[in-house]
Amino acid sequence: MGEITNVMEYEAIAKEKLPKMVFDYYASGAEDQWTLQENRNAFSRILFRPRILIDVSKIDMSTTVLGFKISMPIMIAPTAMQKMAHPEGEYATARAASAAGTIMTLSSWSTSSVEEVASTGPGIRFFQLYVYKDRNVVAQLVRRAERAGFKAIALTVDTPRLGRREADIKNRFTLPPFLTLKNFQGLDLGKMDEANDSGLAAYVAGQIDRSLSWKDVKWLQTITKLPILVKGVLTAEDARIAVQAGAAGIIVSNHGARQLDYVPATIMALEEVVKATQGRIPVFLDGGVRRGTDVFKALALGASGIFVSIMPCQCPLTEKINK
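All of these numbers come straight from a predicted model, not from anything done at the bench. (Residues numbered from 1 in each chain as written. Predicted model: local features only at pLDDT ≥ 70, side-chain atom pairs only at ≥ 80, totals over all residues. Heavy atoms only, no water.)

(A) Structural detail: the overall build of the chain. Helices and strands together make up the secondary structure of the chain, namely 13 helices and 10 strands. A globule of 323 residues ought to have a C-alpha radius of gyration of about 20 Å, and the chain, at 19 Å, matches this closely. Taken across its 323 residues, the chain has 50% of its residues classed as buried. Counting contacts in the chain only where the partners sit at least 6 residues apart, residues at least 24 apart contribute 70% of the total. Working note: accessible area of the chain is about 15600 Å², and carbon and sulfur atoms make up 54% of it. When the 39 positive and 33 negative side-chain charges of the chain are each reduced to one mean point, those points stand 4 Å apart. (Helix = DSSP H or I, 4+ residues; strand = E, 2+ residues; numbered from the N terminus. Rg over C-alpha atoms; globule rule 2.2 N^0.38 Å. Buried < 20%, exposed > 50% of the residue type's maximum accessible area, 1.4 Å probe, protein only. Contact = heavy atoms within 4.5 Å. Areas by Shrake-Rupley, 256 points an atom, 1.4 Å probe, with all protein chains shown as cover. Lys, Arg positive; Asp, Glu negative; His and termini not counted. Charge placed at Lys NZ, Arg CZ, Asp CG, Glu CD.)

(B) Broad picture of unusual backbone geometry. Positive phi, normally seen in glycine, also occurs at Q33, with a value near 60 degrees. Turning to its location among the elements, Q33 is positioned in the loop between α2 (20-27) and α3 (34-44). Classification of Q33 by relative accessible area gives partly exposed; the value is 26%.

(C) Representation of the environment of F150 in the model. Structurally, F150 can be placed in the loop between α6 (135-147) and β6 (152-156). What makes F150 buried here is its relative accessible area of 2%.

(D) Inspection of the nonpolar core at higher detail. One finds M81, M84, W109, F127, L129 and L200 to be the most contacted residues of the largest nonpolar core, which totals 47 residues. For this core, the leading source of residues is α6, giving 5 residues. Excluding residues that lie within four positions of it along the chain, L200 makes contacts with Y25, M81, W109, L162, R165, F173 and M192. In this structure, L234, L270, V295 and A298 belong to the second largest nonpolar core, which totals 29 residues. (Core = buried A, V, L, I, M, F, W, Y, C linked by side-chain atoms within 4.5 Å.)

(E) Expanded view of the pairing of strand β7 (residues 228-233). Within β7, 6 of the 6 residues are buried, which leaves the element mostly enclosed by the surrounding structure. Both β6 and β7 contribute to a ladder of 4 bridges, which runs parallel. Paired with T156 across the strands is K231, a residue of β7. Both β7 and strand β8 (residues 249-252) contribute to a ladder of 4 bridges, which runs parallel. (Pairing = 2+ DSSP bridges.)

(F) Region of the structure containing α2. Turning to α2, its buried residues are V22, F23, D24, Y25 and Y26. Buried-residue contacts for α2 involve α1 (9-17), α7 (166-171) and α8 (199-207).

(G) Seen up close, a nonpolar patch on the surface. A contiguous nonpolar surface patch, about 440 Å² in accessible area, is contributed by I54, V56, I59 and M61. As for its position among the elements, M61 is in the loop between α3 and β1 (63-65). (Patch = residues over 30% accessible without salt bridge, like charges linked within 9 Å, V, L, I, M, F, W, Y side chains within 5 Å. Salt bridge = Lys/Arg side-chain N within 4 Å of Asp/Glu carboxyl O.)

Written out as structure tokens, the structure is:
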């Protein structure tokens, strides 16, 4: 195995090293996976018009997000159940984000709790929230994230039910028995049992609130002072409502193409969302970003920063980082 030269090469290594059920869970999109391909392909249709003879001897990549200074406009998106990939899981990701001087977003469905991630040391962290039917559970979780020093809530709004991920159905996906959804331990709903199709889909059907609506963004503002990012916006119409609802920012996201297939690539939806917000709140993007040129394209089209999904893994480069 030679030197890893780009992010795409990690996928082949992960396929080799991870159990099939785990790799398929991380890698697959919904249904025909058209949007999964399109998230990548759309970037390749955007071209640069380079201007020459500009002094580029001094480059400053740092930026601010919600008032927090970070080293670059690249942040870490929430990714569930990271200990399936590596025993250190979210701990390693938190340490790597802190070392890189950027923001980590912790998934509600993490295999390490908000308190455990906070214990890894300093760092700017956001908390991704799924809204459960039991609102006491939600309020408790948000309070715990606040107490653990998390700085914002990324409210995922595109998952009233789980997308139809056929690989997970075939594999009867479930969380390996030695792991739990740590944020819900002891709450009688941290269990994900084997089901007739995807265990995660069954869990979501049982626990996640399908009635979630814009009024709940207001409700969240009554239980927390933390800024709320609305994650999962793809249209100008919803962008305008998000501004009116008091969102602190928008994440243009199609859930890594894992929810509704045949929605546009996020880079194609970005421009209309940016226009609709009229500069009143920052707009971020996730989905399909693999190279610096992708980041640059998103910034050029009006994004204030991007989020990438990062997994701790047993690969030559990340071994160094995780140490």
